[in-house]
Structures are given as structure tokens and as C-alpha cells.
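# Architecture and fold: a report
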Amino acid sequence: MSATTKTQHTEAKTATSTAASTASGSAGGALAAPAGAPNSVLRVAPASPAAAAAYFGASLAFHADVSDVASALAADGDPGFVVVDSRSTESWDQGHIPGAVHLPTALIPEQAEQLLDKAVPVVTYCWGPGCNGATRAALALAQLGFQVKEMLGGFEYWAREGFGFETWEGAERRTPDPLTAPLDAEDCGC
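Residues numbered from 1 in each chain as written. Predicted model: local features only at pLDDT ≥ 70, side-chain atom pairs only at ≥ 80, totals over all residues. Heavy atoms only, no water.

## Looking at the overall build of the chain
Per the secondary structure count, the chain includes 8 helices and 7 strands. Looking at the chain as a whole, 34% of its 190 residues qualify as buried. Summarising the internal contacts of the chain: among those between residues at least 6 apart in sequence, 60% fall at separations of at least 24. In the structure as shown, the chain presents an accessible area of about 11,000 Å², 56% of it carried by carbon and sulfur atoms. (Helix = DSSP H or I, 4+ residues; strand = E, 2+ residues; numbered from the N terminus. Buried < 20%, exposed > 50% of the residue type's maximum accessible area, 1.4 Å probe, protein only. Contact = heavy atoms within 4.5 Å. Areas by Shrake-Rupley, 256 points an atom, 1.4 Å probe, with all protein chains shown as cover.)

## Side note on the nonpolar core
Grouped together as the largest cluster of nonpolar side chains are 16 residues, with contacts concentrated most on Val69, Val83, Ile97, Ala100, Tyr125, Met151 and Trp158. Listing elements by their share of this core, those giving two or more residues are α4 (66–74), β4 (122–125) and α8 (154–160). Not counting residues up to four positions away in its chain, the partners in contact with Val69 are Ala64, Phe81, Val83, Val123, Met151 and Trp158. (Core = buried A, V, L, I, M, F, W, Y, C linked by side-chain atoms within 4.5 Å.)

## Observations regarding the confidence of the model for the chain
On average, residues of the chain carry a pLDDT of 85, and 78% of them reach 70 or more. Taken together, the stretch residues 1–9 has pLDDT below 50 and engages in 5 contacts with residues farther than four places along the chain or on a different chain. Every residue in residues 18–27 scores below 50 in pLDDT, and together they form 13 contacts with partners more than four places removed in sequence or on other chains. (pLDDT = per-residue confidence, 0-100.)

## Focus: the pattern of salt bridges
Taken as a whole and judged by the stated rule, the model has 4 salt bridges. With its nearest N and O atoms 3.1 Å apart, the salt bridge here joins Glu156 to Arg160. Taken together, the residues span about one helical turn, with Glu156 and Arg160 both in helix α8 at a distance of 4 residues. Residue Arg160 is classed as partly exposed on the basis of its relative accessible area, which comes to 25%. Within this structure, Glu156, Arg160 and Asp177 form a network of salt bridges that share partners. (Salt bridge = Lys/Arg side-chain N within 4 Å of Asp/Glu carboxyl O.)

## A few points about the sheet that holds β4
Strand order in the open sheet formed by 5 strands is β1-β5-β4-β2-β3, and the pairing between neighbours is parallel. Pairing within the sheet leaves two strands with one partner each, and these edge strands are β1 (63–65) and β3 (101–102). The sheet contact formed by strand β2 (residues 82–85) and β3 spans 2 bridges and is parallel. Bridge pairing in β3 links Asp85 to His102. Against the sheet, helix α3 (residues 49–62) engages β1 and β5 (148–152), with an angle of about 95 degrees to β5. (Pairing = 2+ DSSP bridges. Axes fitted to C-alpha atoms, helices over the stretch in contact; angles between N-to-C directions.)

## What to know about the environment of Glu113
For Glu113, the position within the fold is in helix α6 (residues 108–115). With 32 residues separating them in the primary sequence, Glu113 and Gly145 have C-alpha atoms 9.7 Å apart. Beyond its immediate chain neighbours, meaning those up to four positions away, Glu113 contacts Lys118, Leu144 and Phe146. A distance of 3.3 Å separates polar atoms of two side chains, one belonging to Glu113 and the other to Lys118. (Polar contact = N/O pair within 3.5 Å; in protein donor to acceptor, adjacent residues only side chain to side chain.)

## Focus on the side chain of Arg87
Inspection of the secondary structure assignment puts Arg87 in the loop between β2 and α5 (89–94). Relative accessible area serves as the criterion here: at 5%, Arg87 is assigned to the buried category. Here Gly95 takes part through its backbone oxygen, which lies 2.5 Å from a polar atom of the side chain of Arg87. Once residues within four sequence positions are removed from consideration, Arg87 is found in contact with Trp92, Gly95, His96, His102, Pro104, Tyr125, Cys126, Trp127 and Phe155.

This is how it looks when you write it as C-alpha cells:
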């Protein structure tokens with residue numbers, strides 16, 4: 001595990017631990033929930049700003065979203081990372097991100113070091129939010145010493161947000177789903 005990965009892992013554990021202790025009302029600067037909290041959102045008090053910053057900062061060190069990945073890939077030049085599709089060949093043929101490397105999770109231990117450069121960060125994806133294949137792939141790559149992030153939303157949200165993809169039959173693009181992406185804007189402004 002690289003020094004950066006160890007630091008991020010430690011930060012994530014600390015943020016998770018802080019958030020857990022904050023939620024239980026112990027150290028971490030939690031705001032006290034008012035007696036007889038008015039609703040289930042405030043029944044457990046929000047974390048302190050410092051604990052929230054640590055938690056959300058750690059989350060961003062491990063995740064990227066579809067829109068940010070698409071934007072980086074569309075920009076001129078090298079995005080500074082490689083995208084890995086961790087799904088089966090049948091899934092890959094059905095649709096994948098242009099330029100992605102196809103590396104099913106089960107093959108990572110034997111093929112990752114031939115296909116990927118440890119100096120280049122990796123962004124993994126699988127089907128979508130209901131699939132943890134990208135998480136398993138990210139874990140396998142991290143255990144081999146790669147810097148890695150998981151793309152939230154996976155291929156499902158790539159297609160739903162209207163980004164182009166490739167299938168065994170050629171290039172495709174779907175109309176953006178207005179529940180996932182603005183129809184008349186370059187980005188969501190997030």
C-alpha cells in the first residue's frame with residue numbers, strides 16, 4: 001500500500017470513526033439534538049463542521065461522479081487517470097465508456113499489472129448504484145498498489161446522463177434523463 005493510500009485509508013477510518021462517535025453523541029463536537037427533536041432528520045444531531053469536513057473530504061478521495069469523469073475525458077489532453085470497466089465481456093459488449101480498459105474484477109490479480117500503470121490513477125465502474133462490482137475492483141486494485149477511485153452511478157448513470165458509449169454494434173448515445181442531468185446545459189453546476 002502506497003503512503004498516499006495509507007494516509008487516505010487512515011483519514012477515512014478517522015472520518016468514519018468521528019462520524020460514528022458524533023452520531024452517538026460522544027466526542028467530535030456534535031451539535032446536541034434538541035429534546036423531542038421535531039423530525040427524524042434531526043433526531044440524530046448533525047456532525048460538527050470539522051467532523052463533516054473530514055468525512056466528506058475522505059469520501060471525495062475515494063469517489064468520482066459520472067459527470068466529472070465525462071468532463072475530464074472530453075477535455076483536450078490527458079485526463080490524468082484511466083477508466084476501468086470491471087464487468088463481464090457480455091456486459092462490456094452491451095455498452096461501455098469509450099476509451100475504458102476492460103478488466104473484469106476476477107482477472108485483476110493476474111492482469112492489472114500488464115494493463116495498467118501504477119503511476120496513473122484508476123477510476124473503476126460497473127453497472128450502477130445497485131452493483132458493488134466497482135467497489136470490489138477498486139479494492140483489488142488498491143491491494144495491488146494502485147491509486148483508485150470508484151465512479152458513482154456506474155454505466156447506468158453514464159448512459160442516463162446522455163454520454164456517448166460503445167457497444168459491439170458501434171457508438172450510441174441516449175437522450176439525457178431529466179431526473180439525472182439537465183437537458184439544456186453543459187453540466188449540472190454541482
